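Take a look at the letters that make up each chain.
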Amino acid sequence: MSKATTFLKIIDSHTGGEPTRVIVKGCPDLGIGTSAQKIQTLRENYDWIRTATLLEPRGFEAMVGAILTEPHSEDCVAGVIFFNNSGYLNMCIHGTIGLAATLKHMGVINSGSHKIDTPVGIVTIHLNDDDSISVDNVASYRYKSEISVEVPNYGTITGDIAWGGNWFFLIDNQGPKVIPENIAALTDFTQAVMAALLEQGITGEDGGEIDHIEVFGPAADDHSDSRNFVMCPGGEFDRSPCGTGTSAKLASLYDSGKLAAGDTWRQSSIINTIFTGEVTPTGEANQVIPTVTGSAWINGETTVIINPDDPFAFGIHY
């Protein structure tokens, strides 16, 4: 931990209701490696940055953080590392959309398409004429379909395992109804599923931990194709439709023959914000490149002051 007062310049935004807190200045040098290597440096030496900026009394449980870094690849405009209340994220599409809005706000980019260096690979952002932002994600795919897990108090739950930048267990029309009034019940259900997957040794490819649970129900209206509830690592639900979760859903729909290249899928969140998505096949097995589109709004700029004499300088841990 830092022994001197630290000042971190932060720009806040939200994408479909889900916050992104981007640290744009003041972080220690994380080296010249890849974003994945920089995550390791951050985790081992500077995790106090994550806890200080996201935990109470400055942050709250649902907040997602990002550090703007120098890109490892020369054709990228920026590099990024994502984290939340419990640790570090492989990828975050809502956060990438928020980062794009932040870079525009800073005057780094103004229009067009740009590459971003992330821990799971390079993605491309597009600043659209209607002020929405699209992200061409990393290759996504359905790993296994119709996998059953025994969940205490809920019985047998069946879902697909899919990669969209994070590992997801996708559940259709099981558990509590996907409506805002059931947020507490959906939270309990998805956390129980996540615990059961872990206990029963059900994983993504190469033992990848399934740390996101996504439940789908009927759309609330004709503005979307379905409504979801997404439980993230750390025990908070995504206020947005979840970009990596939408990517996983798109890959699963494509693999099942329910979505063709060029078709549009409109995914609404539990609070009825919408991402749109489509896929481009990679030509390799069942892999696709999902393109997810949403909008982000800058809602604050601040300088976080971390005084090591403050008993809660590095967040409240409980």
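Scroll up a little and you will see the structure.
Rules of the game
Residues numbered from 1 in each chain as written. Predicted model: local features only at pLDDT ≥ 70, side-chain atom pairs only at ≥ 80, totals over all residues. Heavy atoms only, no water. Helix = DSSP H or I, 4+ residues; strand = E, 2+ residues; numbered from the N terminus. Rg over C-alpha atoms; globule rule 2.2 N^0.38 Å. Contact = heavy atoms within 4.5 Å. Areas by Shrake-Rupley, 256 points an atom, 1.4 Å probe, with all protein chains shown as cover. Lys, Arg positive; Asp, Glu negative; His and termini not counted. Charge placed at Lys NZ, Arg CZ, Asp CG, Glu CD. Axes fitted to C-alpha atoms, helices over the stretch in contact; angles between N-to-C directions. Parallel < 35°, antiparallel > 145°, perpendicular 65-115°, else oblique. Phe/Tyr/Trp six-rings, centres within 6.5 Å; stacked < 30°, edge-to-face > 60°. Core = buried A, V, L, I, M, F, W, Y, C linked by side-chain atoms within 4.5 Å. Buried < 20%, exposed > 50% of the residue type's maximum accessible area, 1.4 Å probe, protein only. Salt bridge = Lys/Arg side-chain N within 4 Å of Asp/Glu carboxyl O. Expected span 1.5 Å × (residues − 1).

Undergrad: Looking at this structure, I do not really get the overall build of the chain. What am I missing?
TA: When its secondary structure is counted, the chain shows five helices and 17 strands. Here the chain has a C-alpha radius of gyration of 19 Å; the compact-globule value for 318 residues is 20 Å, and the two agree. C-alpha atoms of the chain, sized along the principal axes, occupy 55 × 45 × 35 Å. Within the chain, contacts between residues at least 6 apart in sequence are counted, and of these 62% link residues at least 24 apart. Counting every atom, the chain has about 13,300 Å² of accessible surface; 48% of that belongs to carbon and sulfur. Of note, the chain has its 18 positive side-chain charges centred 4 Å away from the centre of its 39 negative side-chain charges.

Undergrad: Mind showing me how you'd approach the environment of Lys144 here?
TA: Relative to the elements of secondary structure, Lys144 occurs in strand β9 (residues 141–151). Between the C-alpha atoms of Lys144 and Ala162, which are 18 residues apart in sequence, the distance is 7.0 Å. If sequence neighbours within four positions are ignored, Lys144 has contacts with Asp160 and Ile161.

Undergrad: How should I be thinking about the packing of helix α1 (residues 35–45) against helix α2 (residues 47–54) in this particular structure?
TA: A packed helix pair is summarised by two numbers, namely the angle formed by the two axes and the spacing between the axes. Contact geometry of α1 with α2 gives a least axis separation of 5 Å together with a crossing angle of 80 degrees. With respect to α2, the axis of α1 lies roughly perpendicular. The segment α1 lies against α2, with Leu42, Arg43 and Asn45 engaging Asp47, Trp48 and Ile49.

Undergrad: Where do I start with the environment of Ser35 in this structure?
TA: With respect to the secondary-structure elements, Ser35 resides in helix α1. Separated by 13 residues in the primary sequence, Ser35 and Val22 place their C-alpha atoms 15 Å from one another. Not counting residues within four places of it along the chain, the set of residues in contact with Ser35 comprises Val80, Ile81, Asp117, Thr118 and Pro119.

Undergrad: Even after reading the chapter, I still don't get the packing of aromatic side chains, so can you show me in this structure?
TA: Given two aromatic rings, one states the distance between the centres and the angle between the planes to describe the pair. A complete count under the given rule lists seven aromatic pairs for this structure. An aromatic cluster of at least three residues, connected via ring pairs, comprises Tyr141, Tyr143, Trp163 and Trp167.

Undergrad: Just to check I follow, could you spell out the nonpolar core for this structure?
TA: Side chains that are nonpolar tend, in soluble globular proteins, to be buried together. If you look at the biggest cluster of nonpolar residues, it comprises 61 residues, and the most contacted ones within it are Phe169 and Ile213. Element by element, the count of residues in this core is highest for helix α4 (residues 183–199), at seven residues. Counting 19 residues, the second-largest nonpolar core is a separate cluster that includes Leu8, Ile39, Leu42 and Phe314.

Undergrad: So what exactly am I meant to see when it comes to α2 here?
TA: Most of α2 sits out of view: seven of its eight residues are buried. For α2, the set of buried residues is Trp48, Ile49, Arg50, Thr51, Ala52, Thr53 and Leu54.

Undergrad: Honestly, the pattern of salt bridges in this entry has me stumped. Any pointers?
TA: Oppositely charged side chains can form a pair if their charged atoms are brought close together. Within this structure, the stated rule accounts for 10 salt bridges. For Asp75, the salt bridge is made with Lys115, and the minimal N-O distance between the two is 3.2 Å. Here Lys115 lies in strand β6 (residues 112–118) and Asp75 lies in the loop between β3 (64–69) and β4 (78–83), a separation of 40 residues in the sequence. A residue is classified by how much of its surface remains accessible, and Asp75, at 42% relative accessible area, is partly exposed. On the basis of relative accessible area, Lys115 is assigned to the partly exposed category, the value being 34%. The salt bridge involving Lys104 is made with Asp131; its shortest N-O contact spans 3.7 Å. Linking Lys104 in helix α3 (residues 93–106) with Asp131 in the loop between β7 (121–127) and β8 (133–136), this pair joins segments that are 27 residues apart in sequence. When salt bridges that share partners are traced, they join Arg142, Asp160 and Asp255 into one network.

Undergrad: How should I be thinking about the environment of Phe314 in this particular structure?
TA: Note on placement: Phe314 falls in the segment after β17 (296–306). In this structure the C-alpha to C-alpha distance between Phe314 and Leu55, which are 259 residues apart in sequence, comes to 8.0 Å.

Undergrad: Quick question: what am I supposed to make of α3 here?
TA: Two residues of an α-helix separated by three or four positions point the same way, owing to the 3.6 residues in each turn. Relative to the 20 Å expected for 14 residues at 1.5 Å per residue, α3 spans 20 Å between its end C-alpha atoms, a close match to the ideal helical length. Across the 14 residues that make up α3, a large majority, 11, are buried. A positive backbone phi angle near 85 degrees is found at Gly107, which sits one or two residues after α3.

Undergrad: Please clarify how the side chain of Thr118 should be interpreted in this entry.
TA: Tracing the chain through its elements places Thr118 in strand β6. When sequence neighbours within four positions are dropped, the list of residues in contact with Thr118 reads Ser35, Val80, Met91 and Val123.

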